[in-house]
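Below, each chain spelled out in residue letters.
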Amino acid sequence: MERVYNFSAGPSVLPEAVLKQASEEMLNYGGSGMSVMEMSHRSPVYQGIVDAAEDTLRQLMNIPDTYKVLFLQGGASTQFAMVPLNLMTGSGKADYVSTGAWSKKAIAEAKKSGEVKVLASSEDAMFNYIPKLDPAKFTADADYFFITTNNTIYGTTYKTLPETNGVPIVADMSSNILSEEINVADYGLIFAGAQKNMGPAGVTVVIIREDLVGKAGANVPTMLNYATHVNAGSMFNTPPTYSIYVAGLVFKWLLDNGGIKAMEAQNKIKAAILYDFLDGSDFFKGTVVKEDRSIMNVPFVSPNAKLDAAFIKGAGAKGLVNLKGHRSVGGMRASIYNAMPVEGVQILVDYMKTFEAANI
Ligand SMILES: *Cc1c(COP(=O)(O)O)cnc(C)c1O
């Protein structure tokens with residue numbers, strides 16, 4: 001069977017070259033006589049895999065030496081709790097922006113640890129824009145300032161970072177990490193579940209500035225304390241060994257293909273193919289305000305739900321799968337992460353044209 005074009009929001013498409021390499025190494029990794037899955041995480045051969053994954057990620061994102069890189073479990077959702085448990089320990093205050101379901105979950109967790117100020121929300125318009133922020137409302141002594149940089153469900157993204165006057169920015173980058181060049185030093189802490197744009201589910205990357213480690217209260221469970229994992233090099237307990245290995249292969253694939261700069265250029269081309277078509281169509285419509293559009297997740301609708309369903313069904317028959325929008329938004333969503341080739345987007349747009357001509 002042919003491989004499909006998989007537009008899933010997550011877990012999502014992985015580079016074919018990576019899957020091939022993983023399959024070639026499945027039974028016998030690097031002459032070890034065993035699969036990576038079967039290896040002790042304390043073995044030198046596995047340590048080599050983790051070290052290479054971290055080194056490659058550091059090169060890709062140009063991560064300063066003053067930042068620690070962690071490979072954790074529990075998904076991005078565990079970070080919603082770990083961030084306040086570890087960082088809301090100075091003034092006990094934090095600022096959040098409500099830009100979707102994931103930010104709302106992060107806000108709910110933070111409220112268990114301290115005083116949360118929601119600076120702005122776009123819930124009034126089903127989160128189809130990034131709300132303007134009034135710097136006068138920022139909490140001057142906040143322990144951190146939290147944003148979701150790319151809103152996977154609604155397809156919005158921040159094009160500029162707020163100026164927070166020294167308050168560390170904590171960013172949930174689950175669906176746009178490695179998609180475009182960023183300056184890590186602009187952030188205090190970055191986290192991302194791997195299953196959108198980095199690798200298989202099971203590993204969560206945390207990039208944390210050194211001075212933010214070691215601030216957790218004494219009652220914080222050991223496993224939820226960043227210091228535990230920093231001190232143990234992400235090996236306090238058994239890490240998600242296979243997921244880290246595959247993520248490492250993805251990092252290497254990115255580096256070998258021109259790094260984030262090249263990937264960003266390709267991602268912008270893919271997004272433009274879709275958005276240009278949507279903007280010119282009298283039938284399909286993008287659901288996000290133009291200036292806040294994501295280059296990773298592109299939600300759109302046809303004139304009605306019945307046509308949406310017919311479109312999704314027809315797409316599936318052509319090998320274009322997982323285009324159904326999130327249940328809270330409806331319509332369609334094309335997630336076009338790094339591993340989605342340009343031709344996948346072109347074939348999708350060709351099908352959209354055919355469908356439009358047949359149904360308008
Ligand atoms: C998917 C997603 C999450 C949740 O990730 P889990 O790893 O399933 O906990 C959080 N934030 C964003 C922006 C996401 O896209």
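Residues numbered from 1 in each chain as written. Predicted model: local features only at pLDDT ≥ 70, side-chain atom pairs only at ≥ 80, totals over all residues. Heavy atoms only, no water.

(A) Structural detail: empty space enclosed by the protein. According to the stated counting rule, one finds two cavities of 30 Å³ or more in the structure shown. For the largest cavity, the calculated volume is near 60 Å³. Around the largest cavity sit V13, L14, P15, K196, N197, M198, G199, V250, W253, N338 and A339, which together line it. Within the lining of the largest cavity, the residues separate by chemical class into seven nonpolar, three polar and one charged. If you go around the second largest cavity, the residues you meet are I153, T287, P299, F300, G325, H326, V329, G330, M332 and R333. When the residues that make up the lining of the second largest cavity are grouped by side-chain class, the tally is five nonpolar, four polar and one charged. (1 Å grid on protein atoms, 1.4 Å probe; cavity = no way out; pocket = protein on both sides within 12 Å on 5 of 7 lines; lining within 4 Å. Points joined across faces, edges and corners; volume = space filled by probe spheres on them. Nonpolar A, V, L, I, M, F, W, Y, C, P; charged D, E, K, R; others polar.)

(B) Region of the structure containing the environment of D95. Relative to the helices and strands, D95 is located in strand β3 (residues 93-98). Along the chain, D95 and V170 lie 75 residues apart, while their C-alpha atoms are 10.0 Å from each other. Not counting residues within four places of it along the chain, the set of residues in contact with D95 comprises K117, L119, F138, T139, A142, Y144, F145 and F146. Side chain to side chain, D95 and T139 meet in a polar contact 2.7 Å long. (Helix = DSSP H or I, 4+ residues; strand = E, 2+ residues; numbered from the N terminus. Contact = heavy atoms within 4.5 Å. Polar contact = N/O pair within 3.5 Å; in protein donor to acceptor, adjacent residues only side chain to side chain.)

(C) The site of the ligand, seen in detail. The environment of the ligand is formed by G75, A76, S77, F80, W102, T148, N150, T152, D172, S174, Q195 and K196. Within the side chain of S77, one N or O atom sits 2.6 Å away from an oxygen atom of the ligand. Separating a nitrogen atom of the ligand from a side-chain N or O atom of D172 is a distance of 2.6 Å. When the free accessible area of the ligand is taken as 390 Å², the share hidden by the protein chains comes to 88%. Sort the elements by how many residues they give to the shell around the ligand and helix α3 (residues 75-87) lands first, with four residues. (Near = heavy atom within 4 Å. Areas by Shrake-Rupley, 256 points an atom, 1.4 Å probe, with all protein chains shown as cover.)

(D) Structural context of the pairing of strand β12 (residues 297-301). Summarising burial for β12: four of the five residues are buried, a large majority. Where strand β11 (residues 285-286) meets β12, two bridges bridge the pair, whose relative direction is antiparallel. Bridge pairing in β12 links G286 to F300. Here four bridges tie β12 to strand β14 (residues 332-335), and the two strands are oriented antiparallel to one another. Note that in β14 the partner of V298 across the bridge is A334. (Buried < 20%, exposed > 50% of the residue type's maximum accessible area, 1.4 Å probe, protein only. Pairing = 2+ DSSP bridges.)

(E) Local environment of the sheet that holds strand β2 (residues 67-72). Spatial ordering of the open sheet is given by β2-β10-β9-β8-β5-β3-β4, a layout of seven strands whose pairing is mixed. The sheet is open, and its two edges are formed by β2 and β4 (115-121), each paired on a single side. Within this sheet the neighbouring strands show an average axis-to-axis angle of 15°, counted without direction. Where strand β9 (residues 189-193) and strand β10 (residues 204-209) come together, five bridges link them in antiparallel fashion. Bridge pairing links L189 to I208 in β10. On the sheet, helix α2 (residues 44-61) packs against β2 and β10 and is oriented at approximately 130° with respect to β2. (Axes fitted to C-alpha atoms, helices over the stretch in contact; angles between N-to-C directions.)

All we've got here are geometric facts, nothing functional implied.
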